[in-house]
Each structure stands twice: as C-alpha cells, then as structure tokens.
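Per-entry structural report
Here's the letter readout for the chains.
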Amino acid sequence: MNLPVPQVCYIPMLQHTGAAAEPVVKKGDIVSEGELIGRALGEDSVNVHASVPGKVIDIIDSRFFNVQQKTVLIEAEGAFTTTGSSPSELNDWRNKDTAILLEMIRTSGVAGLGGDAFPTAAKLTPPDGLKIDTLIVNGAESEPYLTSDDVIMNTYPREIIEGIQITLKIIGISKAIIAVEDNKKPAIRALNEAIKHIQPEEKISVKQLQSKYPQGSEKQLVYTLLNRVIPNSEPPQNSGVVVINAGTIFAIREAVLFNKPLIDRVITVSGDMINRPGNYKVRMGTRISEIIEECGGLKGVPGRIVIGGPMRGISVDDMELPVIKSTSGILFLSDKETCNGDSVSCIRCGRCVSVCPSGLIPRNIAGAVEKREFDLAASFHPEACIMCSCCSYVCPAKRPLSYLVGIALESLQAEKVIKG
Amino acid sequence: MPQVQEKSDLISSPPHIKSGDSVKSIMWTVAAVLMFPAAFSVYIFGLQATLVTGVCVISGIAAEFLCQILMRRKIKVLDGSSVITGLLLGMSVPPHIPLWIPALGTVFAVVVFKEFFGGLGANIFNPALAGRAFIMLLQPLEMSSNWHLFPNGSVIANKLVTAGNFTSEAFLSITGATPLTILKNGEKFALDYNFSIENIYDFFITNNILQSLIIGNAGGCIGETSALLIFAGGLFLMWRKIISWHIPVSFIGTMALAAYIYYYNTGNPLPGFLTLIHVFSGGLFLGAFFMATDTVTTPLSARGLIVFGIGCGLITFLIRIIGGYTEGVMFAILFMNAMVPLIDRLFKPKVFGV
Ligand code: SF4
Ligand code: SF4
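Residues numbered from 1 in each chain as written. Chains lettered and ligands numbered in written order. Predicted model: local features only at pLDDT ≥ 70, side-chain atom pairs only at ≥ 80, totals over all residues. Heavy atoms only, no water.

**Here we look at the site of ligand 2**
- C346(A), I347(A), R348(A), C349(A), G350(A), C352(A), R363(A), C395(A), P396(A), A397(A), R399(A) and L401(A) make up every residue found near ligand 2.
- For the shell around ligand 2, a count of residues per class yields 8 nonpolar, 1 polar and 3 charged. (Near = heavy atom within 4 Å. Nonpolar A, V, L, I, M, F, W, Y, C, P; charged D, E, K, R; others polar.)

**Focus on the packing of aromatic side chains**
Residues and elements named next belong to chain B.
- A complete count under the given rule lists 16 aromatic pairs over all chains for this structure.
- Ring plane angle 75° and centroid distance 5.7 Å describe the contact between F231 and F289, whose orientation is recorded as edge-to-face. One end of the pair, F231, is in helix α13 (residues 227-239); the other, F289, is in helix α16 (residues 284-291), and 58 residues separate them in sequence.
- In this structure F231 comes out as partly exposed when scored by relative accessible area, which is 36%.
- Residues Y260 and Y264 carry aromatic rings whose centres are separated by 5.9 Å and whose planes lie at 20° to one another, so their mutual orientation is stacked. In this pair, Y260 and Y264 both sit in helix α14 (residues 246-265), 4 residues apart, roughly one turn of the helix.
- Here the aromatic cluster, defined as three or more aromatic residues joined through ring pairs, consists of F108, F113, F117, F125 and F134. (Phe/Tyr/Trp six-rings, centres within 6.5 Å; stacked < 30°, edge-to-face > 60°. Helix = DSSP H or I, 4+ residues; strand = E, 2+ residues; numbered from the N terminus. Buried < 20%, exposed > 50% of the residue type's maximum accessible area, 1.4 Å probe, protein only.)

**A look at α14(B)**
Residues and elements named next belong to chain B.
- When the terminal C-alpha atoms of α14 are compared, their 28 Å separation across 20 residues agrees well with the 28 Å that a helix rising 1.5 Å per residue should span.
- Within α14, the full set of buried residues consists of H246, I247, P248, S250, F251, I252, T254, M255, A256, A258, A259 and Y263.
- On its buried face, α14 is in contact with α9 (179-184), α13, α15 (271-280), α16, α17 (302-322) and α18 (329-346).
- Count one or two residues on from α14 and you reach G267, which has phi positive near 75°. (Expected span 1.5 Å × (residues − 1). Contact = heavy atoms within 4.5 Å.)

**Regarding the pattern of salt bridges**
All names here are of chain A.
- Counted according to the given criterion, the structure contains 22 salt bridges over all chains.
- In this structure, R253 engages E162 in a salt bridge whose closest nitrogen and oxygen atoms are separated by 2.9 Å. Separated by 91 residues along the polypeptide, R253 in helix α7 (residues 246-258) and E162 in helix α4 (residues 157-171) bring together distant segments of the chain.
- By relative accessible area, R253 is classed as buried at 11%.
- Overall, the relative accessible area of 21% leaves E162 in the partly exposed class. (Salt bridge = Lys/Arg side-chain N within 4 Å of Asp/Glu carboxyl O.)

**Here we look at the environment of I361(A)**
- With respect to the helices and strands, I361(A) occurs in the loop between α10 (351-355) and α11 (362-370).
- C-alpha separation for the pair I361(A) and A99(A), spaced 262 residues apart in sequence, amounts to 46 Å.
- Once residues within four sequence positions are removed from consideration, I361(A) is found in contact with V353(A), L300(B), K348(B) and P349(B).

**Some thoughts on the domain arrangement of chain A**
Residues and elements named next belong to chain A.
- According to the domain assignment, chain A consists of domain 1 (8-82 + 262-335), domain 2 (87-258) and domain 3 (351-419).
- Our enumeration of links across domain 1 and domain 2 arrives at 1 salt bridge.
- Linking E43 and R106 is a salt bridge whose minimum nitrogen-to-oxygen distance equals 3.5 Å.
- Put simply, domain 1 and domain 2 have 14 residue pairs in polar contact (both at pLDDT 80 or more) between them.
- Contributing elements (two or more residues each) for the side of domain 1 that touches domain 2: β12 (264-270), β13 (278-283) and β16 (329-333).
- Of all the elements, β12 adds the most residues to the side of domain 1 that touches domain 2, at 4 residues.
- Classifying every residue of the side of domain 1 that touches domain 2 gives 7 nonpolar, 16 polar and 6 charged. (Domains from an automatic or database assignment. Polar contact = N/O pair within 3.5 Å; in protein donor to acceptor, adjacent residues only side chain to side chain.)

**A look at the side chain of E33(A)**
All names here are of chain A.
- Along the polypeptide, E33 turns up in the loop between β3 (30-31) and β4 (36-39).
- On the basis of relative accessible area, E33 is assigned to the buried category, the value being 3%.
- Here R283 takes part through its side chain, which lies 2.7 Å from a polar atom of the side chain of E33.

**Observations concerning the domain arrangement of chain B**
Residue and element names in this part refer to chain B.
- By domain assignment, chain B separates into domain 1 (23-143), domain 2 (162-205) and domain 3 (243-344).
- Of note, the centres of domain 1 and domain 3, computed from C-alpha atoms alone, are 22 Å apart.
- Between domain 1 and domain 3, the contact holds 19 residues from the first and 12 residues from the second.
- Buried surface at the junction of domain 1 and domain 3, summed over both partners, amounts to about 1,500 Å²; 80% is from carbon and sulfur atoms.
- Linking domain 1 with domain 3 are 3 residue pairs in polar contact (both at pLDDT 80 or more), by the criterion used here.
- Those elements giving two or more residues to the side of domain 1 that touches domain 3 turn out to be α1 (23-45), α3 (81-91) and α5 (127-138). (Buried area = accessible area lost by both parts, 1.4 Å probe.)

**Concerning the pairing of strand β1 (residues 8-12) of chain A**
Residue and element names in this part refer to chain A.
- Of all 5 residues making up β1, 5 are buried, and the element is well covered by its neighbours.
- On β1, burial covers both faces: V8, Y10 and P12 on one face and C9 and I11 on the other are all buried.
- Bridge count for β1 against strand β7 (residues 67-76) is 5 bridges, and the pairing is antiparallel. Each residue of the ladder has a partner; that of P12, found in β7, is T71. (Pairing = 2+ DSSP bridges.)

**So, the packing of α14(B) against α17(B)**
All names here are of chain B.
- Closest axis-to-axis distance for the α14/α17 pair is 7 Å, and the angle between their directions is 35°. Crossing hand, α14 versus α17: right-handed.
- Residues belonging to the contact of α14 with α17 are distributed by class as follows: 17 nonpolar, 6 polar and 1 charged. (Axes fitted to C-alpha atoms, helices over the stretch in contact; angles between N-to-C directions. Left-handed = near helix turned anticlockwise from the far one by under 90°.)

If you want it as structure tokens, here you go:
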C-alpha cells in the first residue's frame, strides 16, 4: 500500500553505511522525480535522488541519526514521471554487459534495504582474487515485528526471481539460495511456483529456516545454509558468499529493468500504539510525523519509538526524522511491549548464555566491564558479538548486557588503535 | 497527536523490547509453586506443619528486612527470595521439630549465607540448604527424629497385623523412622531383633511403601512427602522455562543408576524396588527440582548443569548407600555448589567464529 506523497521531503545525503553523498543541486532548483540530487563520493558512497518532483526549498545542515550531514528539502510539485507512468519499454538485461548492469545499480543508488544500507554495487563487486560461489537471498526477516520482506516476496515472487537472475549474472555465478523462515508458508509457495519458470542451468532454490531471531543475521545464515563459519571481523565475501536481502533484490530489478532510482521502499509500521499498523510503500524523505498521521495517529504516548527493528533499531524522540534507505520499519511500542524494568543483580540463570548465538557468556563480559576490567572483558571474545541484543532481551535481571558487551568491544578496538 | 517529545525517557540502547520475565516474577512463581506441597503437608501432618513453614517464611522475611536496613542496603525483601528460602527450609525439617530450630536456621540462611555474601545473586551456597546444614550440626538429634507417628490412616504405622514377624519393639523402631532410615539400618535391625532383611522388604511391599512415598503419606520431612506434587511443580517450572530439565534429570538419573548398579552387583534380590524407594523418598525430588535448580548457585551453561546434576547424584548415592548418613541430598548439593566456579571454567560454550 502506498502512502501519499508528502508535501515536503527531507532527503539526507547519508542514507547508507559509508561516506555521505555530495549535493549537486542548490536552493531554488527545480528537480524532476528521480533526478540525481546527491552524487556518491567513492565506492562506499551511494547516489541520492529526488523522491518527488518539485523545488529545492532549502539545503540544511542537519543532525539526523547523530551524524552531521546536509539535507535537501524538496517541496513537491509537478508530474511524477518515474513512478506515475508505467515504463513503456523494459531494458533487455539478458543481452547487456555485466559492467553496464552494475553501473545501472550504482547510478540508481541502490543500497541494502535490510537495515544496514550497505552500497549494493560495492557488495556485488568483491575484491579481486575472492571466489564467490553462492548468492544468499535473505528473506528471513532480520528482526521481530518487521514483515516487509515477507510482503514483497508474497506479492512479487516472479519479480524477486528475476531480480535474483540479474544479480547472479552480475556476480557471474549460477547458484542462489533464498532463505525464508518456515512460518512464511505463502511466500515459500509463491517463490517455489515462480522458480518453475526459470532455466535449468540457474540453480535457484528456496530453503526454509526455523523462524527464530537472529536467524536473519548474515553470520547465522551462512552457517545454517552452508555450514561455513565466517571468522569474526571478516565480511561474508571472504567465505565465498554474497548475502542480499529480498527487498534489495526487488530494488536491483527495478533499477536494471527501468532505470528506476531508489526513491521509495517498503517499511513496516507497527507496535501497539499506532492505529493502523501495516507495510507501506514510502518515499525517502517522508517524516515520521507524516507517517503517524497517515497511519491513523497514535493511541497514546508510546513507551519507545524505534526506527528499524526492536532488537537493533535506534530509539528516537524527534518526529521530524525522515525515512531513509536504511529504514526498515518504524515501531511505536507501548510500555507493555517494552517491558523495561529496574536492573537488579544477576541471578546467574544462564539465559544470556544459552541464547547467545555467538557462544559468549554475556554476563561475564558485562560484569568485567562494570568492574572496569577491560583486559579481562577483552579476553572473553567480545569481538564475536553480532549485536543481536538477545542477551539483554532475555535477562530477567534486566541488565543492559549487549550494551556492556558493546563497550568491551569498543575498548578492545581502541586498544588495537593505541597499540598500532 | 499526543506529545511524544514531553516524555523524557524515550531514548535507550537496544533492545527496545524485553522478555516479560523478571527476577521478581521468577522468584514469586517458584514460591507459589512451593505452596502446593506445603499446603498438602498440612493435610498429612496437621497444623503443626503450617506452623513450621510459616515461622520459617516470616523469620526469613524479617531477617532479610532487618539486615538490609542495618547494612544500609537497598530494601529488596519484595523480590521473594527469602520467602523461597523460608519455605524450602521449613519443608526440609521433621514436622514435630521445636519451632526455634528451623527459625534459627532460616535467619542464619538469610543473614549469613545470603546477605553477608552480598545479597541475592552473590551467594555461593543455596541459603536454605546452608541453613539446614547449620541446624543439622547444631541439633542433630532433633533433626533426625520428631517424625510423624501417623496415628491412624497412614500406611507405615497402621497395619500392625501385617507385621507378623516383628516384635512390637522392632515394629516401633521401624515405624518411627522414615523409609530411608529403615533401609539404612536394615541390617542392624535384623540383627538386633532377630529377623531377616527380607522381612523388611516384605514389610515395605505389603505396606505399599512406593505408593505412599509417591502420594505423600509416609514419614519424612514436611515437604519431602509428596514426590508427585513436587514433580508436578517441577514440570510446571520447566514449562514456564524457569528451571531447565538438565539438573533434575541428571541428578535423579545418576542417583537411580548408581543405586541400581550397586544393589544389582551386591546380589540384592530386589535392586529395582530398592532403587525406586531411594528415588521417591527423602529429599531427592525436593532437592533435585527446587534446591539444585537454584540458578544463583548452579553453573551457567547447559553442559555445566548436567555435570552438576551428575555430581549431585553420585554424591547422594555415596552418602546414602555407602556412607554413614541416611540422607545425602543436602550435602551433595552444597558440595556441588562449591564446585560451580570450577565447572563454569571447564564447561564454557564454544565461541562462534574464533
Ligand atoms: S548481543 Fe548478546 S546475545 Fe547477541 S551476540 Fe552479542 S553477546 Fe551474544
Ligand atoms: S540473563 Fe541476566 S540474570 Fe541471567 S545469567 Fe545472564 S546476566 Fe545473569
């Protein structure tokens, strides 16, 4: 379902992991829908486009998401040339060079839509010498509450398969695994149906996963599907795998088939405090306040407002923050859902230990950090932590375990820098 | 739209949702589950049993409260842990014990073995067991007598007629004890009163001793009586994921296996039967489901828990069957409590990706 176009879009130049883009428009410019307004600076940067046609009314210095960055304000007016009309002719990607396909993705500013918004073009060009053999399409939702990938796979199974075919061609391999959680039967059925129509030499398969957070995290996925352990602090490419989430595959297809820049995305709006939760297609730059309004308003003051998922997302109190490429969802959680309580002493229940997917003993790491014994904490391998926050979630003593493990990790990294 | 900006505590580090369980909810659930065998003991032993457990619970709460005031600590009585300590201690003494003894034990348990160690979470020994060990050493006689002499309706003392081979003197010394004491001193009884050990087994069988142990109308400590109720409570706690299966299964399993192997190899005619008596009597169920599963004083990892349970089972077996004491559950758990740091060091989960 599409949300209406906002009057004014707030489009930050940093919507992804990496370096910010540089604005190429100035105040007063008239831009068309999908026009480039921020140019990527280097490989780890991503192009930014106008989500709506209209006038650049201002370029402000903003501090969204704790980062100082330029934000372009566009007031909507004029015709929607990109999304308004259906494209008259599709690009024939099968007869195009992979370099051209890759360039299309780069130009369109595609970034990972699972939450980290890593530049997709960079992900598809692994460093020289690395042999990639498998593409994993992550259809296992990265976190509870978020259901946007499920909706996309369910509604556009054929498009997803086509997107995978394009991606396989770009990487130059033939094997792809679509990982879907086993509680998403309709999506699994739809994808399997769509796979029937592909060529036999393309080895695309659907694998069911137990639906259990943090199943959708890259390290876990690669281990469950291929039994490969990605060493800590190494990207999955080093293990011969590229992991791309289902929503991003959809965006890749749109970029390649009709040169559509990434100017909108599906986000999950959820939580007990919003009147009309659901998955919505939203233009980048739409502010939270507008989303609240379009979703029927709030039932009361939420206990937490979270951008992203409840386990890894960030809590915000600024309702003027815009939706960006990395915004997988916006949650309006009630106090009942957050279950925050006073932190008390550890009762050694072992829950944090049994839940940790990395085999850590979070209570020991946290205990050492609390005693400021950072060397001890570092010896417990905080670098293996994938920041899933499961430990903090289960702890009955409500101890901020993942946060403290994060501090242990930071001190470890600081140590490395100091020692050179 | 409500003004979200007015709320001051909106920002926090992730996760933004947490499980509904808290230390308080866990403790009070355990306490509530313990109420069932405690209530049943009133039915078996009469009001005396309520008095004992009641005095223990109240003295536990009072001791913790006073202690936290005097030590200028945060008042945490409401977390329910001393209620559990009081209940457990009250349930592990003989029903007709003078009240001051279990009361003293509870105070000692809470003050010395919990608060002096730094409060809930920092204690090394299970407070209830440590308190019980204390009064056991202080008043050994009171702690190993004062059993209930079921006047009518109970199985063990009731059927004088069926006890054909026994002199009335022998009969009294048997019925005044718990089944475990009888097993333990069987040879001696047999010698003293001039009958064979088989007579005792016959006595157990004709009196449906297993059934009594499972239902709860056999001699024993207040809460040791109904294996069935304790088992049901344990299952409930497992279903609520408050305790895990590891310790109860490995503890009882090891104990049973060791006992069976022992009886079998010593040529006993009824190895299975005696093993079952051991399993269902004494504090094994209460210990395995409610005391050895105290998270504070047990290992962290699943493998560690199993090792802990095996250790408890072996030591219980050694004390009960080979050693000199009738009941070994308490010392077994206390001993294994002391082993926890070692077990934790030896049985760590494997770090992923290292
Ligand atoms: S956040 Fe906690 S549970 Fe998750 S990997 Fe890190 S230590 Fe383990
Ligand atoms: S989950 Fe919390 S209370 Fe339990 S062992 Fe870990 S830190 Fe301690």
